[in-house]
Amino acid sequence: MRQSKIFIPTLKEVPNDAVVPSHVFMLRAGMMRPLGAGIYSFLPLGYRVAKKVMEIIRQEMDAIGGQEFHLPALNPREIWEETGRVEAFGDILFSVKNRDYVLAPTHEEIITYHARKVVRSYKEMPQIWYQIQTKFRNEPRPKSGVLRGRQFTMKDAYSLDSSWEGLDKSYALHDQAYRKIFTRCGLKFFVVGASSGAMGGSGSEEFMVNAQAGEDTVAHCEHCGYAANVEVATSRTPVVTRHPQSKANELIHTPNTKSIDELIAFLNIKEEECAKSRVYIIDEKPVLVLMSGNDEVNETKLQKALSSEPRPAHPEELAEITGADAGSIGPVGFKGRIIADLCLKEGNNLYSGANKNDYHIGGIDLKRDAEGIEYFDLRTVTSGEGCPSCGKEMQVFTAIELGHIFKLGTKYSDAMGATFLDEDGTEKPIIMGSYGIGVERVMACYIEQHHDERGIIWNKALAPFHIHLLGLNMKKEPVIKASEELYTKLTAAGYDVLFDDREAQAGFKFNDADLLGMPVQVIVGEKKLAEGKVEVKLRATGEREDVSLTELEAYIQKVLR
RNA sequence: CGGAACGUAGCGCAGCCCGGUAGCGCACUACCUUGGGGUGGUAGGGGUCGCGGGUUCAAAUCCCGCCGUUCCGACCA
């Protein structure tokens, strides 16, 4: 493709609205343009990448026996009423105004609808049906370019099985296919599994990548692969040691010390010697939550422990309940339920608030001074703590969900009456699974993981072109001749070549090439051409090498393997 | 949906406080120049200042309403 012909509107400056790298570069490289909040048009360069991603997905889905469908985005609302998901989705579901249709945010209902009409016998299963299509979700807050949009492309697959063992098999096939897909795309990913309870249910895995633009916070152990959403993640944290002797309570005047940091500085004690207090209101009753040192209360874990929705107490409530303001609250004399993190189990000689402003109490023995105290895992893990499964250091970071595989079971087939006749002659609901991948997210995450300050760094698998051929001075006859010949030759050799045949300054072309990020740049300049050579630059490393025209093809084959 | 910011040429921005001729850089057009990291110059084209209303002799500028976009939060099958 000649760059003088293809529409690639590159931007020198960073568009005002773009913040995360993938968004900035997709706009700057002329891959896409916005049409509205969370709505993007793909331009030729961006669409080439999308097609490569979709083709990789397609190949791996076909390899596990998937069959590609093309399903309507426009769905009769009544189908969605059958499963109660009109209500479940709420405002996320787009509705058509002048007819009773909705825009499909996913396709479980449509697949189940067809399955119920078609599938009659256990003999017709298993099936894997998939589609790669546009989905619509009325996101309250679209953000980060293509990472959270109102319209996006998704590969959705659905498995139909006659037995739970069959579902396990279909699920495992998808697990393997997903690993191949993301690996082929060059993504460094990890899997948050059901064992870690990220989704709270059984039989689901999220495929995620580490990215600053991410929306989920996860704990991940590189050594053994343990990964869990920070809402449920655990770690090996030392429990406070119980001293053989419990000291007596001691009221200490601590003016202007609200935080744990201030307290340890003021009293010259260690963080582990403090018990931090948080008051929550649960079922309209106050509960004191004690954490070791500066540990953060994990409200998801708290909710699980109390099996009820907690909310932090308001400042006025604090004063009323404890007689003190936040920063001076503690277990001694607290009227109400007291629970503590496991790290504090039976701790003694601790410091905590005195329930009297500007006072703390030392020598607290939870066993002695907090009657009826209960212990739960309530803390939020942080980077550097020990992995619960292998004990090595874990990291906590934000991540983006790229794909999700899920054992649905009979939720949809039950609701919609999609049944089959089993071998024993009984009618049973079809056992289903659903498996999604966000196509734009794969592209954007790749860029999040592979860019530098100059632009994108494509690998061969996703690059819109393999080779960027730069004719440096397109007014000089030898350069024109040589670069035109190379263009023909490399194209004939099967490479996708982007030929910068524009009449522009060398620096202009170099900067554009680095921004667009094709893996290999072949630079045709007058001086080196006189020696029968061209320069080959590898985008990933910045390495440049002069290669003679006769050896060029072999050289490219080597670096672009 | 709560909090905040922004909306002026294709893009990035100044002008607004203190009302009076709409500006800068890049991009674009023509010509010259340069030709291995966004070359230098000359001459040009391009604007309902987001929309609507109000105040005023006069509004990009002040006031009210709306819309749009982004950021933080809530939400995220």
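In this text the structure is predicted, and so the values were computed from the model without any measurement.

With that settled, the discussion passes to the overall build of chain A. When you go through chain A residue by residue, the secondary structure sums to 16 helices and 31 strands. Looking at chain A alone, contacts between residues at least 24 apart form 68% of all its contacts between residues at least 6 apart. Of the roughly 26,100 Å² that chain A leaves accessible, carbon and sulfur atoms contribute 49%. When the 68 positive and 80 negative side-chain charges of chain A are each reduced to one mean point, those points stand 5 Å apart.

Moving on to the domain arrangement of chain A. By domain assignment, chain A separates into domain 1 (21-233 + 396-447), domain 2 (250-376) and domain 3 (463-560). In this assembly, seven residues from domain 1 lie in contact with eight residues from domain 3. The contact between domain 1 and domain 3 buries some 670 Å² in all, and 66% of this surface belongs to carbon and sulfur atoms. Three residues, L45, R48 and K52, lead the burial of domain 1 against domain 3; their summed loss comes to 64% of the area buried on that side. One salt bridge connects D496 with K52, and the closest N-O pair in it is separated by 3.5 Å. The interface formed by domain 1 and domain 3 holds two residue pairs in polar contact (both at pLDDT 80 or more) in total.

With that settled, consider the packing of helix 2 (residues 44-63) against helix 6 (residues 164-184). Direction vectors running N to C along helix 2 and helix 6 enclose 150°, while the axes themselves pass 9 Å from each other. Between helix 2 and helix 6, the angle falls in the class roughly antiparallel. In this structure, helix 2 meets helix 6 at a crossing whose hand is right-handed. Facing helix 2, whose interface residues are I56, I57, Q59, E60 and M61, helix 6 presents H174, A177, K180, I181 and R184. Class assignment of the residues belonging to the contact of helix 2 with helix 6 gives a composition of five nonpolar, two polar and three charged.

Next up on the list: the nonpolar core. Counting 62 residues, the largest nonpolar core has M31, F182, L187 and W458 as the members making the most contacts within it. The leading source of residues in this core is helix 2, at eight residues. Setting aside chain neighbours within four positions, we find M31 in contact with M26, S41, F42, L43, L45, G46, V49, M443, I447, I456 and W458. Counting 24 residues, the second-largest nonpolar core is a separate cluster that includes V279, I364, L366 and Y375.

To continue, consider the protein's contact with RNA strand B. Around RNA strand B lies a shell of 37 residues, among which R137, R141, R454, F508 and R544 are the nearest. In RNA strand B, the atoms that sit within 4 Å of the protein are 38% sugar and phosphate, with bases accounting for the remainder. Separating a base nitrogen of RNA strand B from a side-chain N or O atom of E13 is a distance of 3.0 Å. For RNA strand B, a base nitrogen lies 2.8 Å from a polar atom in the side chain of D514. Mapped onto the surface near RNA strand B, the elements with two or more residues apiece are helix 4 (85-89), helix 14 (506-516) and strand 30 (533-538).

A word on the sheet that holds strand 29 (residues 520-524). With respect to topology, five strands assemble into an open sheet ordered 28-27-29-30-31, the strand pairing being mixed. Among the strands making up the open sheet, the edge pair consists of strand 28 (497-500) and strand 31 (544-548). Between one strand axis and the next, the sheet turns by 25° as a mean value, whatever way the strands run. Relative to strand 29, strand 27 (residues 467-471) runs parallel, the two being bridged by five bridges. Its bridge partner being in strand 29, L469 is matched across the sheet by V522.

Here we come to the environment of W80. Relative to the helices and strands, W80 resides in helix 3 (residues 77-82). According to the relative accessible area criterion, W80 is buried, its value standing at 0%. Each C-alpha atom of the pair W80 and Y226 lies 37 Å from the other, and the pair is 146 residues apart in sequence. Those residues within four positions of W80 in sequence are excluded, and the remaining contacts are N75, R85, V86, F89, V102, A104, P105, T106, E109 and I110. A distance of 3.0 Å separates the side chain of W80 from the side chain of N75, its partner in a polar contact.

Bringing the sheet that holds strand 18 (residues 350-353) into the picture now. Reading across the sheet, the three strands line up as 13-19-18 and stay open at both edges, with antiparallel pairing between neighbours. Of all the strands in the sheet, just strand 13 (250-253) and strand 18 have a single pairing partner and so form its edges. Geometrically, the sheet is characterised by an average inter-axis angle of 30° between neighbouring strands, direction not taken into account.

Time to look at the pattern of salt bridges. This structure, assessed with the given rule, holds 38 salt bridges. Its salt-bridge partner being E139, residue R148 comes within 2.8 Å of it at the nearest N-O pair. Of the residues examined, R148 reaches a relative accessible area of 23% and is grouped as partly exposed. Taking relative accessible area as the criterion, E139 reaches 11% and is therefore assigned buried. In this structure, D500 engages K509 in a salt bridge whose closest nitrogen and oxygen atoms are separated by 3.7 Å. The exposure classification of D500 matches that of K509, with both residues buried. What emerges from the salt-bridge pattern is a single network uniting D500, R502, K509 and D512.

Moving on: the side chain of E535. Counting through the fold element by element, E535 comes out in strand 30. Polar side-chain contacts of E535 include one of 2.7 Å to the side chain of K528. Leaving out residues up to four positions away in the same chain, E535 has contacts with Q521, V522, I523, K528, R544, E545 and D546.

In this section: the layout of surface pockets. For the largest pocket, the calculated volume is near 1,100 Å³. R137, M154, E401, H404 and R441 are the residues nearest the centre of the largest pocket, which is lined by 44 residues in total. Where the lining of the largest pocket is concerned, the elements lending two or more residues are helix 4, strand 8 (151-161), strand 10 (204-210), strand 11 (216-220), strand 21 (395-409), helix 11 (411-416), strand 24 (431-438) and helix 12 (439-449). The leading source of residues in the lining of the largest pocket is strand 21, at eight residues. In terms of residue class, the lining of the largest pocket is made up of 21 nonpolar, nine polar and 14 charged. Space inside the second largest pocket adds up to approximately 450 Å³. P238, V240, E271, E272 and S292 are the residues nearest the centre of the second largest pocket, which is lined by 23 residues in total.

Rules used throughout
Residues numbered from 1 in each chain as written. Chains lettered and ligands numbered in written order. Predicted model: local features only at pLDDT ≥ 70, side-chain atom pairs only at ≥ 80, totals over all residues. Heavy atoms only, no water. Helix = DSSP H or I, 4+ residues; strand = E, 2+ residues; numbered from the N terminus. Contact = heavy atoms within 4.5 Å. Areas by Shrake-Rupley, 256 points an atom, 1.4 Å probe, with all protein chains shown as cover. Lys, Arg positive; Asp, Glu negative; His and termini not counted. Charge placed at Lys NZ, Arg CZ, Asp CG, Glu CD. Domains from an automatic or database assignment. Buried area = accessible area lost by both parts, 1.4 Å probe. Salt bridge = Lys/Arg side-chain N within 4 Å of Asp/Glu carboxyl O. Polar contact = N/O pair within 3.5 Å; in protein donor to acceptor, adjacent residues only side chain to side chain. Axes fitted to C-alpha atoms, helices over the stretch in contact; angles between N-to-C directions. Parallel < 35°, antiparallel > 145°, perpendicular 65-115°, else oblique. Left-handed = near helix turned anticlockwise from the far one by under 90°. Nonpolar A, V, L, I, M, F, W, Y, C, P; charged D, E, K, R; others polar. Core = buried A, V, L, I, M, F, W, Y, C linked by side-chain atoms within 4.5 Å. Buried < 20%, exposed > 50% of the residue type's maximum accessible area, 1.4 Å probe, protein only. Near = heavy atom within 4 Å. Pairing = 2+ DSSP bridges. 1 Å grid on protein atoms, 1.4 Å probe; cavity = no way out; pocket = protein on both sides within 12 Å on 5 of 7 lines; lining within 4 Å. Points joined across faces, edges and corners; volume = space filled by probe spheres on them.

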